[in-house]
Amino acid sequence: ALLAPNSHQPTVIEVTAARANTAGTLRLELPAGWQAAPATHPFHLKNAGDKIQLTFTLTAPAHPATASIRAVADLDGLTYDQQRIAIRYPHLPVLLLQPTARLQVVALDLAIRGRKVGYLPGAGDNTSAALQQMGYAVTLLTGADLTPEKLHDLDAVVIGVRAFNERTDLAAHLSGLFAYSKAGGTVIAQYNRPNGLKTSTLAPYALSIMGDAPSFRVTDENAVVTFLAPNHPALTTPNRLGPADFTGWVQERGAYFPSTWDETKFTALLAMHDPGAAPLTSSILVAPYGQGYFVYTSLAFFRQLPAGVPGAYRLFANLVSLKQ
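What you see is a predicted model; the values in this text were computed from it and never measured.

Caption draft 1: The environment of His152, seen in detail. On the secondary structure map, His152 appears in the loop between helix H2 (148–151) and strand E14 (156–159). In sequence terms His152 and Gly184 are 32 residues apart; their C-alpha atoms lie 8.8 Å from each other. Within the local environment of His152, its side chain forms a polar contact with the side chain of Asp153, the two groups lying 3.0 Å apart.

Shown next as structure tokens:
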């Protein structure tokens, strides 16, 4: 959950009874600086399998912070804090996961520009939900929606991860997407894999991700990031970024970076590399296109945004805010 510092937001917790006549109280374990109202919720569930949804209002601290909040049910002198997640596939026995019921929360100073974003889903990620958390109204798109007429009310269009690998309706509609950008829209294409591309055209200018894939990735999530164009609006507006925005990233910086691109059109924003490797400069490439912008990024936003990495939110907001 993403909150502004000192703001309030409801969070809903569902309690399920495993046996009849289950009665107790629900509470949240909060780190210092965070508050929840009410302090506890009583509940009584008559039958096994009954459910109840209880709402707490979270209040974030007055300063930027990240935290993990645990939900706890107290009854009969015992505490329960487990989720129940069933994995069901025809070719597998039912698998039951019971992780601790936790909510990652981020209090973040985040500025955005524009309000309406179109999202073309790819292989499946939570970026559209992250955009909604940031304050955008998100419209899910199909290939048939990629026309200047249908997109003209949108401030930006974001293409989901591996969309160029998975979607069969994207290649035929790229000209409409590029025309939207040329007329003043911002398009952000997220990472794809070089194998299995439905088209070799990934951008309005020359750009390729073909080549030795392991050589074009940064697997060290703590790799030093150098700003190559520190005054570019993608790094300054509306959020001025600095080294701290690249701390706390998870799993990796990114993968399948472009191997070649039109360097007269695209501006490379960042340089980074794994230990002992040569610097890579194509994690984010930004090109003015007509009156708009086209962005290609192989940074792993699809991992960072669900993990609540503050700097990833601030950087992604800047990309979406180009031209606004």
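Caption draft 2: Main features of helix H1 (residues 127–134). Taken together, the buried positions of H1 are occupied by Thr127, Ser128, Ala130, Leu131 and Met134. The buried side chains of H1 occupy one side of the element, clustering within an arc of 160° when seen end-on. Here the buried face of H1 lies against strand E1 (2–3), strand E12 (116–120), strand E13 (137–140), E14, helix H6 (301–304) and helix H7 (310–320). Remark: Gly135 follows H1 within two positions and exhibits a positive phi of approximately 115°.

Caption draft 3: How the structure looks around the sheet that holds strand E2 (residues 8–16). Spatially, 3 strands are ordered E2-E6-E4 in an open sheet, and the strand pairing comes out antiparallel. Whereas interior strands pair on both sides, the edge strands pair on one side only; in this sheet they are E2 and strand E4 (35–37). Between one strand and the next, the sheet's axes are offset by a mean angle of 35°, whatever the strand orientation. Two strands pair when backbone bridges link them, and E4 and strand E6 (residues 51–59) are joined in this way by 3 bridges, in the antiparallel orientation. Within E6, the residue paired with Ala36 across the bridge is Leu58.

Caption draft 4: Examining the side chain of His41 more closely. Relative to the assigned elements, His41 resides in strand E5 (residues 40–45). In this structure His41 touches Gly24, Thr25, Leu26, Leu54, Thr55 and Phe56, once residues within four positions along its chain are discounted.

Parameters at a glance
- Residue positions are given per chain, counting from 1 as you read along its sequence in written order.
- The predicted nature of this model means local features are confined to residues of pLDDT at least 70 and side-chain atom pairs, given and counted, to a pLDDT of 80 or more, with totals for whole chains, interfaces and linings taken over all residues.
- Only heavy atoms go into the side-chain values, all of them from the structure, while hydrogens and water stay out.
- Counting from the N terminus, the helices are DSSP H or I runs at least four residues long and the strands are E runs at least two residues long.
- By the criterion applied in these results, polar contacts are pairs of N or O atoms within 3.5 Å in which, for protein atoms, one can donate a hydrogen and the other can accept it, and in which residues neighboring in sequence qualify only through two side-chain atoms.
- Buried means the residue's accessible area, taken with a 1.4 Å probe over protein chains only, is under 20% of the maximum for its type, while exposed means over 50%, and partly exposed covers the values in between.
- To obtain the arc, one takes the directions from the helix axis to the C-beta atoms.
- Here a residue-residue contact requires only that any non-hydrogen atoms of the pair lie within 4.5 Å.
- Pairing between strands is defined by DSSP: at least two bridges between them are needed.
- Whenever a helix is involved, its axis is fitted only over the stretch in contact; in every case the axis is a line through C-alpha atoms, and angles between N-to-C directions fall within 0 to 180 degrees.

On their own, these measurements won't tell you what the molecule is for.
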